[in-house]
Amino acid sequence: TVKCRHSCHGVFLYYCDNRAAVRKTPGNILIRNCKFKNPDAILTQPFGHIWCCNRALDNITFENCIFDGICDPMNLECPKEEPLSLYMKYCTVVGREGYEDINFIVGNNIATVDLDHILFENLQGPKIVCDPNTKINIKKFKPKKKTGSDKKAEITRKTGVTQEE
């Protein structure tokens, strides 16, 4: 039998090029009650890329979702004028085998990261790399690793300072 790749690049990839005028800031996106199998990443906004240079996404919420098999961090590059707010509530995030130590979020100019009741399985816990100005709220996250070791949230500010929450 031939082995095939059974994964998707990401759950939500945000792109907005300059082919049309975007009058209002895109946002208020809610993704609820979904199960995703083998998404490489949950969310990608590569602002500054040729396909993402018009208006940035304002906010997005994932609620009661299962992301089974992630292997890449959320890449959230945002313009200073339009920072992104990310909200996740009652979600389960499962790391793909061999990717237990990946960063969960990496980004610039993020306004808010709000993680509420998130279960992390087969991951070293939520590792976030962001700007010093990013407001981070982590409520009742639960790391659960196959080896049984649990780790606290690790936040690395772009200044190089690492903190645990």
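Computed from a prediction, not measured in an experiment: that's the story for all the values here.

Reading guide: rules and limits
Residues numbered from 1 in each chain as written. Predicted model: local features only at pLDDT ≥ 70, side-chain atom pairs only at ≥ 80, totals over all residues. Heavy atoms only, no water. Core = buried A, V, L, I, M, F, W, Y, C linked by side-chain atoms within 4.5 Å. Buried < 20%, exposed > 50% of the residue type's maximum accessible area, 1.4 Å probe, protein only. Helix = DSSP H or I, 4+ residues; strand = E, 2+ residues; numbered from the N terminus. Contact = heavy atoms within 4.5 Å. Pairing = 2+ DSSP bridges. Phe/Tyr/Trp six-rings, centres within 6.5 Å; stacked < 30°, edge-to-face > 60°.

Asker: Explain the nonpolar core to me, please; I cannot follow it from the model alone.
Answerer: Note that soluble globular proteins tend to have their nonpolar side chains buried in a common cluster. Ranked by internal contacts, the top residues of the largest apolar core, which has 36 residues, are I42, L43, F62, F67, M88, V93 and F104. Among the elements of the structure, β1 (8-13), β4 (39-46), β5 (59-63), β6 (66-70), β7 (74-77), β8 (84-95), β10 (110-121) and β11 (127-130) are those that each provide at least two residues to this core. The residues touching F62, leaving out its near neighbours within four places in the chain, are V11, F12, I31, I42, L43, F67, L86, Y87, M88, K89 and C91.

Asker: Is there a simple way to explain the pairing of β8 in this structure?
Answerer: On any regular strand, side chains alternate: one points to one face of the sheet, the next to the other face. The buried fraction of β8 is high, at nine of twelve residues. One ladder, built from five bridges, connects β5 with β8; its direction is parallel. Within β8, the position partnered with E63 by the bridge is K89. Strand direction decides the pairing type here: β6 and β8, joined by four bridges, are parallel. Across the sheet, D68 pairs through a bridge with V94, a residue of β8. Examined bridge by bridge, β8 and β10 share ten bridges and lie parallel to one another. For Y87, the partnering residue across the bridge sits in β10 and is D114.

Asker: So what exactly am I meant to see when it comes to the environment of N108 here?
Answerer: Relative to the helices and strands, N108 resides in strand β9 (residues 105-108). It is 9.5 Å that separates the C-alpha atoms of N108 and P132, two residues lying 24 residues apart in sequence. For N108, the contacting residues outside a window of four places in its chain are L76, E77, C78, D131 and K158.

Asker: Just checking my understanding: could you explain the packing of aromatic side chains for this structure?
Answerer: For any pair of aromatic rings, the description rests on two quantities: the centre-to-centre distance and the angle between the ring planes. Tallying each qualifying case throughout the model produces three aromatic pairs. For the ring pair F62 and F67, a centre distance of 5.5 Å and an interplane angle of 85 degrees mean the geometry is edge-to-face. The class for F62 is buried, based on a relative accessible area of 0%. On the basis of an interplanar angle of 90 degrees and a centroid distance of 5.1 Å, the ring pair of F104 and F120 is categorised as edge-to-face. You can see F104 sitting in the loop between β8 and β9 and its partner F120 sitting in strand β10, a full 16 residues away along the chain. A residue is classified by how much of its surface remains accessible, and F104, at 3% relative accessible area, is buried. Take F120: its relative accessible area is 0%, and that puts it in the buried class. Three or more aromatic residues link up through ring pairs in this structure, and these residues are F36, F62 and F67.

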